[in-house]
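Chain residues, written in single-letter form:
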Amino acid sequence: MTNEELARTFEKIADLLEIKGEVIYVVLAYRRAAESLRILGQEADVYRTSQPLNTIPGIGKAIAEKIIELLDTGKLGFLEKLEAEVPVSLLEILEVPDVGPKKVALFWKQAGITTLADLEIAAQEHRLRQLPGMGEKSEQRILEGIAALRRRSHRMTLGVARPIGLRWVEWLQAQPCVQQAEFAGSLRRWRSTIGDLDLVAACDDSAALMAAFTSHPEVVRVLGQGENKSSIELSNGLKLQLWTQPPENFGSLFQFVSGSKEHNVRLREFALKQGWSLSERGLTGTDGKLVTYSDEESLYKALGLPWIAPELREDRGEIQAAQTGDLPALLKIDQLQAELHSHSTWSDGVNTIREMALAARQRGLKMLAITDHSASLGIAGGLKAEDLLRQRAEIDLVQKEMGSDFRLLQGTEVEIKADGSLDYPDEVLAQLDIVIASLHVSLRQPRPEVTARLLKVMQNPHVDIIGHLTGRLLPNREGADLDMDSVLKAALENGLALEINANPARLDLDEVYSRRAAEMGIPLSINTDAHSPADLDLIEYGVSVARRAWVEPEAVLNCWSVEKITAWLQSRGRN
DNA sequence: GCCGTTTTCGGCCCGACTGTTTTCAGTCG
């Protein structure tokens with residue numbers, strides 16, 4: 001059983017317990033445990049061989065025992081009993097917007113409603129309005145909620161969400177009363193996928209701004225409108241929320257809406273210990289006086305902390321690190337010296353080697369590896385081994401033209417075939433400057449097979465980097481089901497680097513395993529996998545993964561000097 | 001259910017908005 005499966009089990013327990021009416025802190029404890037497992041970076045089954053499970057934050061004796069039972073038997077008596085008490089089908093009702101655990105329990109216990117279909121029929125027949133605390137409007141809202149659930153759009157990738165967010169910030173900034181506007185929420189924290197879009201504005205005529213916002217031409221539905229907060233839905237199903245505060249309190253608002261919720265809860269606990277109550281309105285002292293903050297820095301400073309970068313605000317130890325001065329020195333885009341994964345017209349890239357090299361140099365890079373696909377990836381026009389010689393001639397030519405302060409490498413993104421062999425023979429790989437090996441096909445193999453396939457490749461001394469490790473495609477296609485503990489161990493033993501693929505549809509390695517890999521001492525390589533000059537700018541998404549993973553520049557291959565990268569390649573037997 | 005330089009027991013974040021209510025409960029972020 002994987003950490004993800006364990007986490008889902010505990011979330012299910014939390015939901016069922018909450019409907020049942022269990023004390024909220026018990027429910028929260030299960031949710032916290034689920035999140036802890038997700039970010040552990042090591043399978044619980046492996047973790048427990050070296051340390052007891054209750055050394056994981058948020059996991060105590062009771063949940064540790066449940067994990068052990070799940071790992072050993074695949075079942076959990078506690079959950080089975082719970083499921084006998086609370087119908088599991090109630091969980092689909094819990095998905096309906098504006099329906100929470102209390103309403104679900106009400107529908108179930110007082111109207112015998114146990115499925116989404118039951119609920120819809122009851123609402124249509126106006127039976128819900130007869131229940132206590134329910135009325136005509138609530139009933140209507142539930143029908144709308146069920147409809148919204150049906151047309152619910154998936155989470156967006158960061159690559160889709162960012163341009164939308166930027167566009168709305170521009171619109172906000174153009175509104176007459178707005179002095180400052182930003183997007184916040186998970187988009188500002190650079191989470192790999194985004195649900196709703198959160199916007200904040202400093203403004204001294206909130207009513208006018210909210211009116212403009214809710215009557216924007218793209219709005220198909222106003223989900224809520226108040227003095228400080230409004231929520232709208234666009235025709236494509238995207239939900240936007242706008243929060244406002246007067247300019248003198250913009251910092252508190254920005255901090256609050258940026259989240260994460262978990263970070264905010266932790267920060268509020270921290271504030272409380274110092275006698276402050278923290279909210280989006282500012283800090284309230286024990287004397288009841290409110291202090292406002294126009295920027296985030298001064299808010300964190302008032303709590304005795306340095307400013308914490310949004311990428312770190314996930315309650316993964318950042319507040320403690322801030323307190324002790326141990327926040328990581330986060331990576332910045334201009335620290336990157338090299339792009340080690342790119343494509344040209346020799347395979348499925350749209351630009352020539354020369355165009356790619358010029359574009360890389362223009363962006364301040366000092367090194368570019370051309371890593372076209374190998375032959376068997378027919379869909380991408382992969383190169384046959386004999387073409388590599390002609391490509392080498394062209395690369396030499398462009399290298400001469402670029403001069404000595406820019407280094408061009410001839411590499412390959414060699415295909416890992418379904419049987420774990422590579423697409424080029426070793427003697428061909430040996431002649432290249434850099435070799436990335438990637439999975440593109442047969443990703444659905446069972447865990448033992450796909451892991452063994454990768455481990456075999458990792459033992460090949462001619463392979464330097466494993467590209468986009470799992471092959472996942474965001475937001476919806478899962479990657480290969482790899483035994484990550486074995487894979488990371490093999491990377492370390494063989495001195496390989498692992499790629500953080502910067503394409504927003506990949507971001508693979510993810511932040512959890514990037515963090516783990518860096519802690520283990522495995523070099524990371526942040527690459528755009530560029531198929532055109534514009535793709536080189538995707539690097540910011542890759543950098544965001546490294547930042548969210550607390551990875552510092554020394555752990556990133558591309559941040560090393562050209563000399564150091566070359567030395568690393570030579571140490572691996574390259575010319 | 002978890003956790004501890006205020007606690008091994010008694011705490012565990014905070015406010016906006018909505019709809020149902022005449023003062024509050026539920027949901028959400």
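Conventions used here
Residues numbered from 1 in each chain as written. Chains lettered and ligands numbered in written order. Predicted model: local features only at pLDDT ≥ 70, side-chain atom pairs only at ≥ 80, totals over all residues. Heavy atoms only, no water. Domains from an automatic or database assignment. Contact = heavy atoms within 4.5 Å. Buried area = accessible area lost by both parts, 1.4 Å probe. Polar contact = N/O pair within 3.5 Å; in protein donor to acceptor, adjacent residues only side chain to side chain. Nonpolar A, V, L, I, M, F, W, Y, C, P; charged D, E, K, R; others polar. Near = heavy atom within 4 Å. Helix = DSSP H or I, 4+ residues; strand = E, 2+ residues; numbered from the N terminus. Core = buried A, V, L, I, M, F, W, Y, C linked by side-chain atoms within 4.5 Å. Buried < 20%, exposed > 50% of the residue type's maximum accessible area, 1.4 Å probe, protein only. Phe/Tyr/Trp six-rings, centres within 6.5 Å; stacked < 30°, edge-to-face > 60°. Lys NZ or Arg CZ within 6 Å of the ring centre and 35° of its normal. Expected span 1.5 Å × (residues − 1). Salt bridge = Lys/Arg side-chain N within 4 Å of Asp/Glu carboxyl O. Pairing = 2+ DSSP bridges.

Draft legend 1. Inspection of the domain arrangement of chain A at higher detail. Split by domain assignment, chain A resolves into domain 1 (3–151), domain 2 (156–245), domain 3 (252–324) and domain 4 (333–571). Relative to domain 4, the C-alpha centre of domain 1 lies at a distance of 41 Å. Across the boundary between the two partners, domain 1 contributes seven residues, which contact five residues of domain 4. Buried surface at the junction of domain 1 and domain 4, summed over both partners, amounts to about 560 Å²; 45% is from carbon and sulfur atoms. Summed over the three residues of domain 1 that lose the most area to domain 4, namely Gly-41, Gln-42 and Glu-43, the buried surface amounts to 72% of that side. Applying the counting criterion to the domain 1 and domain 4 interface returns two residue pairs in polar contact (both at pLDDT 80 or more). Grouping the amino acids of the side of domain 1 that touches domain 4 by side-chain chemistry returns three nonpolar, two polar and two charged.

Draft legend 2. The arrangement of the protein's contact with DNA strand B in detail. Around DNA strand B, the structure places 46 residues, and the nearest of them are Gly-60, Gly-135, Asn-228, Arg-268 and Arg-281. Those atoms of DNA strand B that come within 4 Å of the protein belong to sugar or phosphate at a rate of 72%. Take Ala-62: an N or O atom from its main chain is 3.5 Å from a phosphate oxygen of DNA strand B. Lys-229 has a polar backbone atom sitting 2.9 Å from a phosphate oxygen of DNA strand B. Elements that contribute at least two residues to the surface near DNA strand B include exactly helix 2 (24–38), helix 4 (61–73), helix 7 (101–111), helix 9 (136–150), strand 5 (219–225), helix 14 (261–273) and strand 8 (277–279). Per-element tally for the surface near DNA strand B: the top contributor is helix 14, with five residues.

Draft legend 3. Looking closely at the nonpolar core. Formed by 94 residues in total, the largest nonpolar core has its most connected members in Ile-466 and Leu-498. When residues of this core are assigned to their parent elements, the largest contribution, six residues, is made by helix 10 (residues 158–173). Among the domains, domain 2 (156–245) and domain 4 (333–571) are the pair contributing at least three residues each to this core. Not counting chain neighbours up to four residues away, the residues in contact with Leu-498 comprise Met-458, Ile-465, Ile-466, Leu-469, Leu-488, Ala-491, Leu-509, Ile-522, Pro-523, Leu-524 and Ser-525.

Draft legend 4. A look at unusual backbone geometry. Look at the link from Leu-474 to Pro-475: it is a cis peptide, with omega at 5 degrees. Its place among the elements puts Pro-475 in the loop between strand 15 (465–466) and helix 21 (484–493). A cis amide bond links Asp-508 with the next residue in sequence, Leu-509, at an omega value of 5 degrees. Its location among the elements puts Leu-509 in the loop between strand 16 (497–501) and helix 22 (511–520).

Draft legend 5. Layout of the packing of aromatic side chains. Considering all chains together, one arrives at nine aromatic pairs under this definition. Counting every residue linked through ring pairs, the aromatic cluster contains Phe-10, Tyr-30 and Phe-78. It is Lys-564 that lies over the ring of Trp-560; its NZ or CZ is 4.4 Å from the centre.

Draft legend 6. Molecular detail of helix 4. Its 13 residues give helix 4 an end-to-end C-alpha distance of 18 Å, which sits within 8% of 18 Å, the value for a rise of 1.5 Å per residue. Contact partners of the buried residues in helix 4: helix 1 (3–20), helix 2, helix 3 (44–50) and helix 5 (77–85). Phi for Gly-74, located one or two positions after helix 4, is positive at around 75 degrees.

Draft legend 7. Here's a closer look at the pattern of salt bridges. Under the defined criterion, the tally for this structure stands at 37 salt bridges. The salt bridge involving Arg-189 is made with Glu-314; its shortest N-O contact spans 2.8 Å. Note that Arg-189 is positioned in the loop between helix 11 (185–188) and strand 3 (193–194) and Glu-314 in the loop between helix 15 (296–302) and helix 16 (318–323), a separation of 125 residues in sequence. Like Arg-189, the residue Glu-314 is buried in the burial classification. Residues joined in a network through salt bridges with shared partners are Glu-35, Arg-189, Glu-314, Arg-316, Glu-511 and Arg-548.

Draft legend 8. Examining the sheet that holds strand 10 (residues 290–291) more closely. One open sheet accounts for three strands, arranged 8-9-10; its pairing is antiparallel. In this open sheet, the two strands that pair with only one neighbour each are strand 8 and strand 10. Looking at chain direction, strand 8 and strand 9 (residues 282–284) are connected through three bridges and run antiparallel. In the strand pairing of strand 9, Ser-277 is matched with Thr-284.

Draft legend 9. View of the pairing of strand 7 (residues 239–245). By the criterion of burial, strand 7 is predominantly enclosed, with six of the seven residues buried. Bridge count for strand 4 (residues 197–203) against strand 7 is six bridges, and the pairing is parallel. If you follow Leu-199 over to strand 7, its bridge partner there is Leu-242. Summarising the sheet, strand 6 (residues 229–234) and strand 7 pair through five bridges and their orientation is antiparallel. Looking at the pairing, Ile-232 lines up with Leu-240 of strand 7. Counting the residues in the hairpin turn of strand 6 and strand 7 gives four residues, including Gly-237, whose phi is positive at 90 degrees.

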